[in-house]
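# A closer look at the structure
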Amino acid sequence: MIHSRKPQKNDCFFYNQELMCYLDALQWQRSLLTERIKNPNLEDALILLEHPPVYTLGQGANPEFLKPDLDRSLYNVHRVERGGEVTYHCPGQVVGYPILNLQRYCQDLHWYLRQLEEVLIRVLANYGLQGERIPGFTGVWLEGYKVAAIGIKVSSWVTMHGFSLNVCPDMKGFERIVPCGIADKTVGSLSNWIPSIKCVEVRACIAECFSEVFGVKLIESKYQSYTSNLDKTIE
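Residues numbered from 1 in each chain as written. Predicted model: local features only at pLDDT ≥ 70, side-chain atom pairs only at ≥ 80, totals over all residues. Heavy atoms only, no water.

## Topic: the pattern of salt bridges
- Applying the stated criterion across every chain, the model contains nine salt bridges.
- Note that E81 is salt-bridged to R30, the shortest N-O span being 2.9 Å. In this pair, E81 is assigned in the loop between β4 (77-79) and β5 (87-89) and R30 in helix α1 (residues 22-38), connecting sequence segments 51 residues apart.
- The exposure class assigned to R30 is partly exposed, which follows from its relative accessible area of 37%.
- The partner of R122 in a salt bridge is E212, and the shortest N-O contact between them spans 3.4 Å. Residue R122 is located in helix α2 (residues 109-126), and its partner E212 is located in helix α3 (residues 199-214); the two are separated by 90 residues in the primary sequence.
- When its relative accessible area of 34% is taken as the criterion, R122 is described as partly exposed.
- In this structure E212 comes out as partly exposed when scored by relative accessible area, which is 43%. (Salt bridge = Lys/Arg side-chain N within 4 Å of Asp/Glu carboxyl O. Helix = DSSP H or I, 4+ residues; strand = E, 2+ residues; numbered from the N terminus. Buried < 20%, exposed > 50% of the residue type's maximum accessible area, 1.4 Å probe, protein only.)

Structure follows, in structure tokens:
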């Protein structure tokens, strides 16, 4: 008799950070990406964190989606290498940066985007909320409100950038942009449906759903610095 064995889950380092400056997180992502392009055998990584208020534009983003009253001397604004239009990050919004080698999964960017959406839809379902996709757009909507945005960059099939989920942020920052370049769709947050919700609980749910969707084993890991071994784990 031949016994089939369940495929072993890939290990994925999990960095559950708190508040981190956007440019520091960007440099960290680039470092992890470069390491994995040089050595494709390195484990994948998932970073969850929050950012101080910051606006970012994808590499082809239209600057007209930043409204004229946005004083760039008062706000951090960065154009980066991800896809997508302008978005806003701030405390109360959980941002996820998966550094995945898609050669282990599926070498298809549309597949990857749908998987990220599936992670977030499952997170909402955990709270009894029905997240939805809208054909032709990337992200997740809840009763017509966009609650999750996605923008990625892939080099040599290794991913960076990722997704953001509005949990309980101050939504005023979104008033100064056309979020994701979609003028006729309103942005919302989970706190509109669950007033007491907090990021700390949602982070744990995101990690669990990410593990399920991508079939990975998350290994709690500790961020140290750019010059030290970023992949040292604590178990």
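## Considering the side chain of Q115
- Considering the arrangement of structural elements, one finds Q115 in helix α2.
- On the basis of relative accessible area, Q115 is assigned to the buried category, the value being 17%.
- Apart from residues lying up to four places away in sequence, Q115 is in contact with V213 and F214. (Contact = heavy atoms within 4.5 Å.)

## Looking at the environment of C168
- Summarising the element assignment, C168 is placed in the loop between β9 (158-166) and β10 (186-187).
- When its relative accessible area of 28% is taken as the criterion, C168 is described as partly exposed.
- Residues C168 and K198, spaced 30 residues apart in sequence, show a C-alpha to C-alpha distance of 6.7 Å.
- In contact with C168, not counting residues within four places along its chain, are G92, S191, I197, K198 and C199.

## Brief notes about the side chain of S189
- Within the element layout of this structure, S189 appears in the loop between β10 and α3.
- A distance of 2.7 Å separates a polar atom in the side chain of S189 from a polar atom in the side chain of S191. (Polar contact = N/O pair within 3.5 Å; in protein donor to acceptor, adjacent residues only side chain to side chain.)

## Description of the state of the cysteines
- In total, this model carries zero disulfides according to the counting rule given.
- Sulfur of C199: no disulfide; nearest cysteine sulfur belongs to C168 and is 4.3 Å away.
- The buried category is assigned to C199, whose relative accessible area is 7%.
- Here C205 is not cross-linked by a disulfide; its sulfur's nearest cysteine counterpart is in C209, at 4.1 Å.
- On the accessibility criterion, C205 (7% relative accessible area) is buried. (Disulfide = S-S within 2.5 Å.)

## Considerations on the sheet that holds β4
- Strand order in the open sheet formed by three strands is β4-β3-β5, and the pairing between neighbours is mixed. Each having just a single partner strand, β4 and β5 make up the two edges of the open sheet. When the angles between neighbouring strand axes are averaged without regard to direction, this sheet yields 25°.
- Both strand β3 (residues 54-57) and β4 contribute to a ladder of three bridges, which runs parallel. Bridge pairing links L57 to R79 in β4. (Pairing = 2+ DSSP bridges. Axes fitted to C-alpha atoms, helices over the stretch in contact; angles between N-to-C directions.)

## Thoughts on unusual backbone geometry
- Unlike most non-glycine residues, E143 shows phi in positive territory, near 50°.
- By secondary structure assignment, the location of E143 is in the loop between β7 (140-142) and β8 (145-155).
- For E143, a relative accessible area of 60% puts it in the exposed group.
- Its identity as a non-glycine residue notwithstanding, W157 has a phi of 70°, on the positive side.

## Overview of α3
- Look at α3: 22 Å from first C-alpha to last across 16 residues, which is about the 22 Å you get at 1.5 Å a residue.
- Those residues of α3 lying buried are C199, V202, R203, C205, I206, A207, C209, F210, S211, V213 and F214.
- Positive phi appears at G215, one or two residues downstream of α3, with a value of about 65°. (Expected span 1.5 Å × (residues − 1).)

## Structural notes on the packing of α2 against α3
- Viewed as axis vectors pointing N to C, α2 and α3 meet at an angle of 135°, and their least axial separation amounts to 9 Å. If you check the angle between α2 and α3, you find them oblique. In the crossing of α2 with α3, the sense of the turn from one axis to the other is right-handed. Residues W111, Y112, Q115, L116, E118, V119, R122, V123 and N126 of α2 form the contact with α3, whose participating residues are V202, C205, I206, C209, F210, E212, V213 and F214.
- When grouped by side-chain class, the residues that make up the contact of α2 with α3 number twelve nonpolar, two polar and three charged. (Parallel < 35°, antiparallel > 145°, perpendicular 65-115°, else oblique. Left-handed = near helix turned anticlockwise from the far one by under 90°. Nonpolar A, V, L, I, M, F, W, Y, C, P; charged D, E, K, R; others polar.)

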